[in-house]
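Understanding the architecture of this molecule
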Amino acid sequence: MISLTINGQRVEVEPETTILQAAEKLGIFIPTFCYDPELTLVGACRMCVVEVEKARALVASCCTPVGEGMVVHTDTERVHAARKANLNLLLANHPLDCLTCEKTGNCRLQDYCYLYGVSESEYSGDRKNYEPDATNPFFVRNMNKCILCGLCVRKCHEINGAGAIEFMNRGFDSKVTAAFDDPLENSSCVFCGMCVDACPVGALTPKQGLRKGRPWELTAVKTVCPYCGTGCGLELYVKGNEIVGIKGDALSPVNRGLTCVKGHFGIDFLQSPERLTRPLIRKNGELVESSWEEALELVAGKLKEVKGTELAGLSSARATNEENYLFQKLLRSLGTNNIDHCARL
Amino acid sequence: MYERHILICAGTGCISSGTREVKEALENELIKHNLQDKVRIILSGCHGFCEKGPIFIVYPEDIFYCEVKAEDMPELVEEYLVKGNIVERLLYKDPTTAGTVTSHEEIPFYSRQKRQVLRNCGVIDPENIDEYIIRGGYIGLKKALGMEPLEIVNTVKSSGLRGRGGAGFPTGMKWEFAHRSPGDKKYVVCNADEGDPGAFMDRSVLEGDPHAVLEGLIIAGRAIGSDEAYIYVRAEYPLAVRRLRTAIAQAEEYGLIGQNILNSGANFKINIKEGAGAFVCGEETALLASIEGERGMPRPRPPFPAVKGLWGKPTCINNVETLANVPLILRNGADWYSAVGTEGSKGTKIFALTGKVNNTGLCEVPMGISLREIVFDIGGGIRGGKKYKAVQIGGPSGGCIPESLLDLPVDFDSLTAAGAMMGSGGMVVMDEDTCMVDLARYFLSFTQRESCGKCTPCREGTKRMLEILERITRGKGEPEDIPRLEKLAVAVKDSSLCGLGQTAPNPVLTTLRYFRDEYEAHIFDRRCPAGLCRDLLTYYIDAEVCTGCRSCVKACPAEAISGEKKEPHAIDEAKCISCGACFDRCKFGAVKTK
Amino acid sequence: MTNSIGEIENAQALFVIGSNTTETHPVIGYRVKMAQKKGASLIVADPRRIELAEYADVFLQLRPGTNEALLNGMINVIIQEGLADEGFIRERTEGYEEMAAAVLKYTPEYVEGITGVAAEDLRQAARLYAGADSAAILYTMGITQHTKGTDSVLAVANLAMVSGNIGKPCSGVNPLRGQNNVQGACDMGALPVVFTGYQRVDNEDALSKFKKAWGVKLNSQPGLTVTEIFDSILQGKIKALYVMGENPALSDANLHHVMEALEKLDFLVVQDIFLTETAALADVVLPAAAFAEKQGTFTNTERRVQMVRQAVNPPGEAKPDWLILQELAYKLGIEWHYETPEDIFQEIALLTPSYAGISYQRLEEEGGLQWPCTDGEHPGTPYLHQGKFSRGKGLFTPVEYRPPAEEPDEEYPLVLTTGRNLFHYHTGTMTRRSNGINAFKPEEMVQISIDDAARLGINEGDMVEITSRRGHVKARAAVTEKVPPGIIFMTFHFHEAAANLLTNNEVDPVAKIPELKVCAVKVEKTEP
């Protein structure tokens, strides 16, 4: 174990632990943009810089391992000056359209500016001026809002493997793009949406929830994806009776927040106008709407007519356990074991 | 049997000044006089005195001709080689005494130097391994192969050699880390990505004495337990790349590289990787990323390359000049090496002397020599008799040293204390006509362009610093710009990811420290003391000198100049946009600035 | 799966056969790629050059329908090269000798003749798999949807056992289940032969237990599978069919046969969220609630029971399936009194030993439990067969290679193999109604090799007609290196180009799975 001091508090941690993790253990908050423990540590955003005694410059706590006897300060004037300067610089090159930005209330740039009292930038000058890209059906890319933390790039390369996006150009002209700066749909992108979930600012915005609600108006409901058998945990964001956003559930042991295109962007079928809303009964060859009473009476009557194994039932691999249980119980209670579902398909 | 040897410099500088043409003309003349079997022509590496190229030395007499042209060859062969009369007009003229000298050793540019690393440059044929060996080459390697790896590390440690690439980290310590790092595969890497504008010592060593670098690499490999090396060299150095390839092939042929080198049982392979010209790839972690085929972006340290470097393996990275020092240390011993230099900085350092000095070129001096000696003795003082203002040391990441510090001993620690840095050894001399704000602006525009874009302070901070400097040089500076600039410079220095960002503010910080008055003049008086910032100049026509030729009237895009033909003209200050077109056009020097 | 999804990342070797994991189970696919990047050896066997092939140390591009030969070949190499885990075979298994004798003739060279996989690649694959300290096999329908799917599954088990790669973390046999709750539907007894937890209907103890618990008479004769049900309908033995959330009119093999059966029924009731191709034929359609409109549990492919929670209300008068069933039971005079899904789950736990320790309270608190979970203190089971197989000793079963039921000939010279793509799901009931997904991937693209396309004069995007002995469909062509010459690939997501009009409904004699992965077709360029 390694012993160190952070803000005057002693803490013991495993070797290879980072300063950030050690601080977390003490409940000390350090702001970050580019940090994700599942991804390569890049130390790019420099928001997490802290002062380490005897070190020449400030160090990025997210990627600096602890050392025996290390003395760390996370909230000195020097640290605050660097973080404020950092926010000042980001803000000088970021649209201040928070009033209409979808990310408002859930934006780390906004949160940290609030925390450090940075309301406008001290610097004027050039700003990024890219056309927002809304050509793909799933999300809008506004690279003017991008702070180049690179979380999206690393998610794409290290988790998904699609490698659809990378940094282009150098210095102030740096930009996250697909090959040849083409729209994403012409790239190897598979629209898993993990970049969207990772973005700490409003550069990547799902189309589904546009203008449909502020984060504080939404209720998060944890559930399980209705598609393949992996059983990923999803968080559905609900306003009123509408699902306006979806994210992978970071706490699910199955997917740890990871998603694919179906789970992330394919749930809007719920709101399809083609949904069945009333029972239908075939009359004169046509299916016509009926009441539940009439429909269930009719079904019950017909099921009573057939004898035991003249009845068969197909249960559903998409329905819940409880429903499958009841279905087979019902059919077996009617004297038939002709029950199956599409497990083989 | 040759009677004479003629060395013609074939460094990049002299080649662009006409070495190839000179050689061809000389060959023709020799044949004409039937001397082709008596005189041998050798294309050598760089002599360092690029200002006077092409350099042309005749042995055994050691006659130093300079600035020779192909057209000079008939006379030179006829008069000197045939008749034995020295061609005075092609000799070097001492600008201070105006007298001529015949031997290069008498030239102050050379006499104050201590050419250890450059000992072979300009002397041997870099494409001939035998010439390197005759001059004691590969003896250091032979010794090293008979030593335990840790012994080699300790020798380099006690020599006091520090990295010549920038930060001056003790080389022996670096080797020791890599040596102690566990791993079945390790790499040594030669950083030959010389990116500082104005620096070319690594290129000269690679072009003039490539085997010295190879020998250093093999010794480093032996010391840390590595059997494979990469040389990361800029693709913009085609001659260096070619000579390296030739040298590697020759060393392989001689059994110095490859399987079981010199029957020691050790194997060694050297690969060349050509870089695509990004300044940031001189930073060691970005360089490794580039070798791996990734975008050249720095990675956080730790882990240091010595622990986790190329492809995750322990890796030792040294710069060209550092490696070229190593054979000397092994051959002559640590004590011999550390006899030269200061307490904290041993040996010599090569500087690329450029700017407003009389003698530009490459010079190798003992550590601890004063800046004054370099600029005034070796450099021959300021060109045109102008006044010294400052010297920028360490390239865009360095800082400028004012006149008050001219007696500063040049070593790692003194330079850092003065706010500059050794860097790779670029030394740009500036005279009174240089605007220091404009200088800072120039270097910032370079670092901003070369910032990789990964970390926020460097990417955004250098841009904003540059914008403020541009504003000041355009006469639009605001009083708050100085504190703003200072605050930003400190934040960028303190929180950037890699050396590029951490040192990028140095030109700003040192000019603010030593030339604050120039900033204030730009901002408060709307005046450029050096008379360089165009937007801050007022143009006027000296009626005494003006001939009334009207060419300035035609050149003016703002119709600000009036006056009849053959009458003195005048500039309407209200209309003038300070573009300088009239100034450039006037043949009589009648357009002046204030 | 005998292992957990989380274990994949830490396996030292992964053998993916008959599974296009990155498209059918994308999040598991990420784990496979991450494991490979962390240093795991990856062996991939598939007729198509799927994405994982690009990550593989060895890629075995076998001919469709030759899995058992390939697997026997790997076992042959493992035995011949002394890589078999003799201790494991001795202590944990039986029937080894017979199996070993059966694989004797499957030398890599012999197998090459059947599968088209180079003998040296097969050897390499066997060495990587058997040589690793932990090795997991992942497979899906590429193994099972054949007339000899059962044999292939047995061969997979033989391979795992001969190398001792089962019953340990990161080592096991992992069929990746295709649908969100296909595992749960099986666990719940939505199968003709078993009650919940695989308790057989013809087992006297089970029968009396359920009779007692449910208070009804029960039939001890095993029922019919889907494919048999359709045959029985055509034979007039089945007269009424109740379909809850299934779409056999698009999902099943040889659709003409299925449609004929559905039309012959006296009474068809379909309960679904959309008017599916099947519902359109029904006498009564009952509107159901979708997953986000109700409460309940799903069981995923790693046997993890997880809570499904209601986010929104069902549209109009639609109701959760369980509530519809409860109300129907009432009309039928059956005494049920379920007020919440939790009431039902408690009954499941009571009657199902592997679910006995699971409760809504625990699921809320612990966030999912993997069966078997036999009592309230049981932590769940991340991997199966630790120390002992469920049946006691692991049984080796000799497997012989048999060719697929239908092979290409002069008239139908190409092999059609079917599957899914990343963007769509099953019969498209949901994804075809997702605006973004359907806009991005609106139609079927038949994958055809560059050679075949050139020979048939087909360019990318051309409309082609695909014909088998059972039917014909039109779709656009995607000319690609992903399929080798002689093979075309289609998904079954699109009703406009329903691949199952073409597929062969010959079934595996044991599992009754139709041979969806291999049938003979011809392809011609046609007008849109």
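Residues numbered from 1 in each chain as written. Chains lettered and ligands numbered in written order. Predicted model: local features only at pLDDT ≥ 70, side-chain atom pairs only at ≥ 80, totals over all residues. Heavy atoms only, no water.

**Digging into the overall build of chain B**
In terms of helices and strands, chain B carries 24 helices and 19 strands. Oriented by its inertia axes, the alpha-carbon framework of chain B measures out at about 85 × 65 × 40 Å. Sequence-distant contacts, at least 24 apart, represent 69% of the contacts inside chain B between residues at least 6 apart. Accessible surface, chain B as shown: approximately 22500 Å² in total, 50% of it carbon and sulfur. Across chain B, the mean location of the 73 positive side-chain charges is 4 Å away from that of the 80 negative side-chain charges. (Helix = DSSP H or I, 4+ residues; strand = E, 2+ residues; numbered from the N terminus. Contact = heavy atoms within 4.5 Å. Areas by Shrake-Rupley, 256 points an atom, 1.4 Å probe, with all protein chains shown as cover. Lys, Arg positive; Asp, Glu negative; His and termini not counted. Charge placed at Lys NZ, Arg CZ, Asp CG, Glu CD.)

**Concerning the interface of chain A and chain B**
Taken together, the contact between chain A and chain B spans 35 residues of the former and 34 residues of the latter. Carbon and sulfur atoms make up 52% of the surface buried where chain A meets chain B, a total of about 2700 Å² over both sides. Among the residues of chain A in contact with chain B, L89, R170 and F172 of chain A are the three that bury the most area, contributing 23% of the side total. Taken together, chain A and chain B are joined by four salt bridges. A salt bridge links E122 of chain A to K487 of chain B; the shortest N-O distance between them is 3.0 Å. Taken together, the links from chain A to chain B amount to 17 residue pairs in polar contact (both at pLDDT 80 or more). When residues of the side of chain A that touches chain B are traced back to their parent elements, those giving at least two are α2 (77–91) and β7 (165–168) of chain A. Looking at the side of chain A that touches chain B, the element that brings in the most residues is α2 of chain A, giving six residues. (Buried area = accessible area lost by both parts, 1.4 Å probe. Salt bridge = Lys/Arg side-chain N within 4 Å of Asp/Glu carboxyl O. Polar contact = N/O pair within 3.5 Å; in protein donor to acceptor, adjacent residues only side chain to side chain.)

**With respect to the interface of chain C and chain A**
Taken together, the contact pairs 151 residues of chain C with 105 residues of chain A. A combined buried area of about 10900 Å² lies between chain C and chain A, and 63% of that area is made up of carbon and sulfur atoms. Area buried by chain C at its contact with chain A is led by Y30, F291 and K331 of chain C, which between them contribute 7% of it. Along the contact surface separating chain C from chain A lie 10 salt bridges. For the salt bridge of E317 of chain C with R278 of chain A, the shortest nitrogen-to-oxygen distance reads 3.4 Å. Counting the contacts that link chain C with chain A gives 72 residue pairs in polar contact (both at pLDDT 80 or more). Considering only residue class, the side of chain C that touches chain A consists of 88 nonpolar, 36 polar and 27 charged. Relative to strand β7 (residues 240–244) of chain C, strand β15 (residues 311–314) of chain A runs parallel, the two sharing four bridges. Paired with A312 of chain A across the bridge in β7 of chain C is L241 of chain C. (Nonpolar A, V, L, I, M, F, W, Y, C, P; charged D, E, K, R; others polar. Pairing = 2+ DSSP bridges.)

**Some points on the sheet that holds strand β6 (residues 172–175) of chain C**
All names here are of chain C. Taken in spatial order, the five strands make up an open sheet running β3-β2-β1-β5-β6, and their pairing is parallel. Taken across any chain shown, the strands that pair with only one partner, and hence form the sheet edges, are β3 (58–60) and β6. Recorded for the sheet is a direction-independent mean angle of 15° between the axes of neighbouring strands. Sheet strands in contact with helix α3 (residues 26–37) are β1 (13–17), β2 (41–45) and β5 (135–139), and its direction is about 140° off that of β1. (Axes fitted to C-alpha atoms, helices over the stretch in contact; angles between N-to-C directions.)

**Describing the pairing of strand β8 (residues 267–272) of chain C**
Residues and elements named next belong to chain C. For β8, a buried count of six out of six residues is recorded, marking the element as mostly surrounded by other parts of the structure. A two-sided burial pattern is seen for β8, the buried positions comprising F267, V269 and Q271 on one face and L268, V270 and D272 on the other. Relative to β8, β7 runs parallel, the two being bridged by five bridges. Residue L241 lies in a different strand from β8, and its bridge partner there is L268. (Buried < 20%, exposed > 50% of the residue type's maximum accessible area, 1.4 Å probe, protein only.)

**Focus on the packing of helix α13 (residues 226–234) of chain C against helix α15 (residues 255–264) of chain C**
Residue and element names in this part refer to chain C. Contact geometry for α13 and α15: axes closest at 9 Å, N-to-C directions at 55°. Classified by the interaxial angle, the pair formed by α13 and α15 is oblique. As α13 packs across α15, the resulting crossing turns out to be left-handed. In this structure, α13 contributes F230, D231, I233 and L234 to the contact, and α15 contributes H257, V258, E260, A261, L262 and K264. A class-by-class count of the residues in the contact of α13 with α15 yields six nonpolar, one polar and three charged. (Parallel < 35°, antiparallel > 145°, perpendicular 65-115°, else oblique. Left-handed = near helix turned anticlockwise from the far one by under 90°.)

**Things to note about the pattern of salt bridges**
All told, the structure shown has 97 salt bridges over all chains when counted by the stated rule. The shortest N-O distance in the salt bridge between E294 of chain A and K283 of chain A comes to 3.0 Å. Of the two residues, E294 of chain A is situated in helix α7 (residues 292–305) and K283 of chain A in strand β13 (residues 280–283); the sequence distance between them amounts to 11 residues. Overall, E294 of chain A belongs to the partly exposed group, its relative accessible area being 34%. For K283 of chain A, a relative accessible area of 37% puts it in the partly exposed group. Residues joined in a network through salt bridges with shared partners are E81, E109, E120, R123 and R127 of chain C.

**Some remarks on the packing of aromatic side chains**
Evaluated as defined, the whole model comprises 42 aromatic pairs over all chains. With centroids separated by 5.6 Å and ring planes inclined at 65°, the aromatic side chains of Y96 of chain C and F396 of chain C adopt a geometry described as edge-to-face. Taken together, the residues Y96 of chain C in helix α6 (residues 96–103) and F396 of chain C in the loop between β13 (394–395) and β14 (414–419) connect sequence positions 300 residues apart. An identical accessibility class is assigned to Y96 of chain C and F396 of chain C; each is buried. Between the aromatic rings of Y106 of chain C and Y110 of chain C, the centroid separation amounts to 5.5 Å while the plane-to-plane angle is 70°, which identifies the pairing as edge-to-face. Linked through ring pairs, F138, F139, F191 and F265 of chain A together with F423 and F440 of chain C together constitute an aromatic cluster. Sitting above the plane of the F489 of chain C ring, R48 of chain C keeps its charged end 3.4 Å from the centroid. One residue, R303 of chain C, lies across the ring of W371 of chain C, its end atom 6.0 Å from the ring centre. (Phe/Tyr/Trp six-rings, centres within 6.5 Å; stacked < 30°, edge-to-face > 60°. Lys NZ or Arg CZ within 6 Å of the ring centre and 35° of its normal.)

**Some remarks on the sheet that holds β15 of chain A**
As a general point, the strands of a sheet are linked pairwise by backbone hydrogen bonds and lie either parallel or antiparallel. In space, the seven strands of this open sheet follow the order β14(A)-β13(A)-β9(C)-β8(C)-β7(C)-β15(A)-β16(A), with mixed pairing throughout. Every interior strand has two partners, whereas the edge strands, β14 (286–289) and β16 (339–340) of chain A, have only one. As paired strands, β13 of chain A and strand β9 (residues 284–287) of chain C are joined by two bridges and run antiparallel to one another. By the bridge assignment for β9 of chain C, L280 of chain A is matched with V285 of chain C. Each of β7, β8 and β9 of chain C is contacted by helix α16 (residues 321–331) of chain C, which is oriented at about 145° to β7 of chain C, the strand it contacts most.

**Topic: the nonpolar core**
If you look at the biggest cluster of nonpolar residues, it comprises 158 residues, and the most contacted ones within it are F33 and L109 of chain A together with Y242 of chain C. At six residues, α7 of chain A tops the list of elements feeding residues into this core. Counting residues in each nonpolar core, the second largest holds 63 residues, with Y132, L217, I261 and F268 of chain B among its members. (Core = buried A, V, L, I, M, F, W, Y, C linked by side-chain atoms within 4.5 Å.)

**Describing α6 of chain C**
Because the α-helix completes a turn every 3.6 residues, residues three or four places apart line up on one side. All names here are of chain C. Turning to α6, its buried residues are Y96, M99, A100, A102 and V103. Looking straight down α6, one finds its buried side chains confined to an arc of 160°; they lie on one side. Within α6, the exposed residues directed more than 90 degrees away from the buried face are E97 and A101. On its buried side, α6 packs onto α4 (67–80), α5 (86–92), β4 (93–94) and α10 (149–162). (Arc of directions from axis to C-beta.)

**Remarks on the domain arrangement of chain A**
Domain boundaries assigned for chain A yield domain 1 (2–75), domain 2 (132–206), domain 3 (208–275), domain 4 (276–305) and domain 5 (309–345). Relative to domain 4 of chain A, the C-alpha centre of domain 2 of chain A lies at a distance of 50 Å. (Domains from an automatic or database assignment.)

**As for a positive patch on the surface**
Residues and elements named next belong to chain B. On the surface, a cluster of positive charge is made up of R550, K554, K565, K566 and R585. On the secondary structure map, R585 appears in helix α24 (residues 581–585). Among the residues examined, R585 registers a relative accessible area of 44% and is labelled partly exposed. (Patch = residues over 30% accessible without salt bridge, like charges linked within 9 Å, V, L, I, M, F, W, Y side chains within 5 Å.)

**Things to note about the arrangement of the chains**
Most contacts, when the two pairs of chains in contact are compared, are made between chains A and C. There is a clear gap between chain B and chain C: no contact, and 12 Å between their nearest C-alpha atoms.

**With respect to the domain arrangement of chain B**
How big an interface is tends to be stated in terms of the accessible area lost upon association of its parts. Domain annotation of chain B identifies domain 1 (4–111), domain 2 (129–338), domain 3 (348–431), domain 4 (436–524) and domain 5 (537–593). On a C-alpha basis, the centres of domain 2 of chain B and domain 5 of chain B stand 59 Å from each other.

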